[in-house]
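# Structural overview
Residues per chain are reported as follows:
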Amino acid sequence: MEASTILNQEEESQEPGEAGQPWEEMAAASSRDQEPKLPEPMESEPGPETEPQPRSSLPGSPRSRASTPAGDLTTFGASLPGASPQDPLPSPPLELPKLDLVPPWPSDKLTSAIPDAETTRSDHVEHTTDDEESTPHPTSQLEGNALQQSQQSKPHLPQPGHVTSNHSQQKELRVGLFLEEDWGSNEDPDQVEPEVSEAAPNMLEIAVQNAKAYLLQTSSKSSLNLYDHLSDMLTKVLDERPENAVEIIESISQDVKKAHFSKKLDTLQNENEMLPAYELAEKQKALFLQGNLEEADQDLEDEIAENCLPNVMESAFYFEQAGVCLGTDATYRIFLALKQLTDTHPIHKCRFWGKILGLEMNYLVAEVEFREGEDEEEGEEEDVADEKANGESEVDEDEEDELPKPFYKAPQAVPKEESRTGANKYVYFVCSEPGRPWIKLPSVTPVQIVVARKIKKFFTGRLDAPVISYPPFPGNESNYLRAQIARISAGTHVSPLGFYQFGEEEGEEEEEVEGGRESFEENPDFEGIPVIDLVESLSNWVHHVQHILPQGRCNWFNPVQKSEEEEEEEDEEKEEEKAEEHDYIEQEVGPPLLTPISEDLEIRNVPPWTTRLSSNLIPQYAIAVLRSNLWPGAYAFSNGKKFENIYIGWGHKYSPDNYTPPAPPPVYEEYPSGPEITEMDDPSVEEEQSFRAAQAAAVLEAEQDEETEDEDEDD
Amino acid sequence: MDSESLLLSLELASGSGQGLSPDRRASLLTSLMLVKRDYRYERVLFWGRILGLVGDYYIAQGLSEDQLAPRKTLYSLNCIEWSLLPPATEEMLLQTSMVNGRFMGDPSHEYEHTELQKVTEADKAFEEEVVVQVKEETRLVSVVDQIDKAVAMVPRGALFKTPLGPTHVNRTFEGLSLSEAKKLGSYFHFKEATELKNKTLLEKADLDPSLDFMDSLEYDIPKGSWSIQMERGNALVVLRSLLWPGLTFFHAPYTKNYGYIYVGTGEKNIDLPFML
């Protein structure tokens, strides 16, 4: 508040300079005089700034700003006598400010001031009402007033003895002053100014300042000042124009003061706690609105024609029969989120894979297959990754420091499977809540799968979280999640026998004998299997996702073939022998695609699957439900013709035993151990003696031999 | 979860994916009502489901007027016929601690394990291998008891203790505030306090004896054995036990809807330290 008024003051103080010469002179003069005494000479101006406000609301007040100072000046000139009588010692005008600033009887002053104000105000109001009627000749009246004031004020100032007798006159003057203010709009500044400037000497100026300074004193109790209060009151009265202003002026005063008690905003505020809820609702609203965007019927038809969206609700209905559900409305939101995914990406096939629970957030997983040729981005990414790997190895080679190199040679990395094959057959998108953006998971590498098998960690729900484990996992949580998804898919995605059949591409068959055929297609002649058969025999269910070999790939990759180049460099035969040995490493073979799940291995007497009917009460309409015991949370259902798989769980494989992290590999030898560096027992005295004796004997013999030789030679 | 608000509770707890099929729901609604009448329980809780290889056990618990009094446990295989389980004893816990692996789903199934027992014969002590047989029903009793003691929980303020001793349901409970709901300290183990006695006077100074008369989850060992999540924006807080995976507790802040359900294999996650 204060800051703003000061700002305004400054503006005002500049404006007059431009507007009226006389004012500027006076202001300069006064400020020169006052500088030593008055700490805040500018304080004299907020008055005019606040007071003009009510005027604008007066009828017919197109008052230009330039005229403000003139009006104000007269005000000061006029109000001077009003202030001076209250001062006990007005005669040395230069000392006035001091006295004012240290008010000897503040209470007295206040009380005396307030009645004054009231009277003036009531008068003023009356006058204003009168004025409205007598607007035609305001100027003449005004001028008269102004003249009167100036004339009267002159003699009073130097004569303090007249203070009391002047009181009545003051009132009149004040009335005049207010009138003047109010009609300032109509008055011609040029007419008034010269008079005032002539009439007001420096003394008057100072007195004006003093009076204002007094009025502007801020009370230490309420931190208000009378000047602002009065102007606020007047503003209120003039704004509201009550009928009986005189009667209710006390309550107006009270109201104005009360208005100051309005609650200030605290720096400590309650957190807006429900904010995330609204945010999510807003996002989900977008999901519901996405249908409205497509208006043309043509589009709709096209969309229906090339539908890649699965009927999530139908599957959810069947899963609910099986006792697996995420809640109907939640499922519908997932449905909409999937629709959003298929709308924004070139997706050929899409499925709701399931939900993986995390510590902080959960993952909803969508399994998609891009349209042909639309997943090039990924290829580029792979290339970049490969380049990176190459770059790293080059850097290693370039290093020319003489540090001893470890003998350990990392086994050749098994290359990642191409997208659309093996473990990377599908692309997976995850999001934490329906409505939040879908994030594509990176494709999986064999190393990640191998390491993921050895570790058991909870997901946090943040994709970029590091996986801190032993053995170290190559990548962050998104890679771990992808590896687990690949493992779960390979282990638990099953379909009724005959639903899928191998594609009839016999040419390729021979090539792919090794890894088993990869491709299959929906069997158009599939007639369905009776539900009861599906429940009773596991051999009616087949895996339709390839088994992941211990190597971490679905199709076996022979690591030896690629490493031949390196071996050529090392000409040692041993190495070759070893390599040959490697060659005989058994090719890892997994069960081929579409193997019945009855051949799945048991884990310590725990059958891998549990089948049952969804309901024993009405078996004729029940469906077959398959529950994986290997991956708790994986379910499949089939009603004979349709089937679906889902996984809802923590993403961990069941193990009857406790998890034990693998032991660290054996420590490598620093140098070959031999007799020269092995520690031996110190010889005992006897041994030493016998050794010496033996040595002596040997020396003797040698000498003798030499002698004999010599003798021989001599001979 | 309270059997009377079963449907709502199942809906709220469905985030973990473990629900009940419509026929099970319908039969539970019917049969638990009758259980309440026949056994004269003040309140019947649907406790959850233990997944067996062949069949599942459905567990319900009956509460008397004193909420903290020992709860009666019932089990059923078809959600209609309920059988009362005996209270767990120390001996049972000891016996069944040797058994691991999955439940079968057949109460009369017998687990066998060999045990070394000291036999004294003619002043000579020697060890003998004895085959101990444990019925699955016994194991069920002890597992339900263990889970109950370890992870059954209520939000703070849902129960209150009367000066005379018994604990009642607090009818004025209007739910935790959102900021409270995010703290583990606002949830209590639904059992008689054991840790409270070990606290210092200083720690107990701020406790309200009529509300804070149970152990808080805050001091559970191992630390971090709970996952707290806000679901559906902030409209639902879900706690999942990592020590007993399958236990889901839900509470909608500012409402009196709360409850827990266990749907799992009945095995403790002893790998927890490696997994965090």
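Each value, and the rule that gives it
Residues numbered from 1 in each chain as written. Chains lettered and ligands numbered in written order. Predicted model: local features only at pLDDT ≥ 70, side-chain atom pairs only at ≥ 80, totals over all residues. Heavy atoms only, no water. UniProt positions renumbered as here; feature names shortened; annotations may be inferred. Phe/Tyr/Trp six-rings, centres within 6.5 Å; stacked < 30°, edge-to-face > 60°. Helix = DSSP H or I, 4+ residues; strand = E, 2+ residues; numbered from the N terminus. Buried < 20%, exposed > 50% of the residue type's maximum accessible area, 1.4 Å probe, protein only. Lys NZ or Arg CZ within 6 Å of the ring centre and 35° of its normal. Pairing = 2+ DSSP bridges. Contact = heavy atoms within 4.5 Å. Axes fitted to C-alpha atoms, helices over the stretch in contact; angles between N-to-C directions. Salt bridge = Lys/Arg side-chain N within 4 Å of Asp/Glu carboxyl O. Patch = residues over 30% accessible without salt bridge, like charges linked within 9 Å, V, L, I, M, F, W, Y side chains within 5 Å. Areas by Shrake-Rupley, 256 points an atom, 1.4 Å probe, with all protein chains shown as cover.

Chain B has the name Radial spoke head protein 9 homolog in an unreviewed UniProt entry, where Echinops telfairi is given as its organism. According to the UniProt record, the Sequence similarities (unreviewed entry) comment for chain B is "Belongs to the flagellar radial spoke RSP9 family."

The name given to chain A in an unreviewed UniProt entry is Radial spoke head protein 4 homolog A isoform X1, and the organism recorded there is Echinops telfairi. UniProt, in its Subcellular location (unreviewed entry) section for chain A, records the words "Cytoplasm, Cytoskeleton, Cilium axoneme".

This part takes up the packing of aromatic side chains. The full count for this structure, using the stated rule, is 22 aromatic pairs over all chains. Taken together, a centroid distance of 5.9 Å and an interplanar angle of 85° make the contact between Tyr332 of chain A and Phe335 of chain A edge-to-face. On the criterion of helical spacing, the pair formed by Tyr332 of chain A and Phe335 of chain A is a turn pair, its members being three residues apart in helix α17 (residues 328-344). Under the relative-accessibility criterion, Tyr332 of chain A is labelled partly exposed at 38%. Look at Phe335 of chain A and you get buried, because its relative accessible area is 16%. One aromatic cluster in this structure is built from Phe317, Tyr318, Phe319 and Phe637 of chain A. The lysine or arginine in question, Arg102 of chain B, covers the ring of Tyr654 of chain A, its NZ or CZ lying 5.8 Å from the ring centre. We note Arg139 of chain B situated over the ring of Phe103 of chain B; from NZ or CZ to the ring centre the distance is 4.2 Å.

For the rest of this paragraph, the subject is the sheet that holds strand β12 (residues 643-649) of chain A. Residue and element names in this part refer to chain A. Taking strand neighbours across the sheet as the criterion, the eight strands line up as β4-β3-β2-β1-β12-β11-β10-β9 in an open arrangement whose pairing is mixed. Unpaired on one side and paired on the other, β4 (439-440) and β9 (609-613) mark the two borders of the sheet. Here two bridges tie strand β3 (residues 427-431) to β4, and the two strands are oriented antiparallel to one another. From the neighbouring strand, Phe429 faces β4, where its bridge partner is Lys440. Strands in contact with helix α16 (residues 312-321) are β1 (347-356), β11 (634-638) and β12; relative to β11, the strand with the most contacts, it is inclined by about 100°. Sitting on the sheet, helix α20 (residues 477-492) touches β1, β2 (363-370), β3, β9, β10 (624-628), β11 and β12, and the angle it makes with β1 is about 100°.

This model, assessed by the stated rule, comprises 21 salt bridges over all chains. With a closest N to O distance of 2.5 Å, Glu4 of chain B and Lys36 of chain B form a salt bridge. With Glu4 of chain B in the segment before α1 (6-12) and Lys36 of chain B in helix α2 (residues 22-39), this pair connects stretches of sequence that are 32 residues apart. Of the charged contacts, one joins Arg156 of chain B and Asp212 of chain B as a salt bridge, the two residues approaching to 2.6 Å between their closest N and O atoms. Of this pair, Arg156 of chain B sits in the loop between β7 (153-155) and β8 (159-161) while Asp212 of chain B is found in the loop between α6 (201-204) and β11 (226-231), placing the two residues 56 residues apart along the sequence. Here Arg156 of chain B falls in the partly exposed class, since its relative accessible area comes to 29%. The class of Asp212 of chain B is buried, set by a relative accessible area of 9%. Connected through salt bridges with shared partners, the residues Arg351, Glu367 and Glu644 of chain A form a single ionic network.

Bringing the pairing of strand β12 (residues 236-241) of chain B into the picture now. Residue and element names in this part refer to chain B. With six of six residues buried, β12 lies mostly within the body of the structure. Residues of β12 alternate between two faces, with Leu236, Val238 and Arg240 on one and Val237, Leu239 and Ser241 on the opposite face, all of them buried. Sheet topology note: the β11/β12 ladder contains six bridges and is antiparallel. Among the inter-strand pairings, Glu231 is bridged to a residue of β12, identified as Leu236. Where β12 meets strand β13 (residues 247-251), four bridges bridge the pair, whose relative direction is antiparallel. Looking across to β13, one finds that Leu239 is bridged to Phe249.

A contiguous nonpolar surface patch, about 410 Å² in accessible area, is contributed by Leu617, Ile618 and Tyr621 of chain A. Looking at the secondary structure, you find Leu617 of chain A in the loop between β9 and β10.

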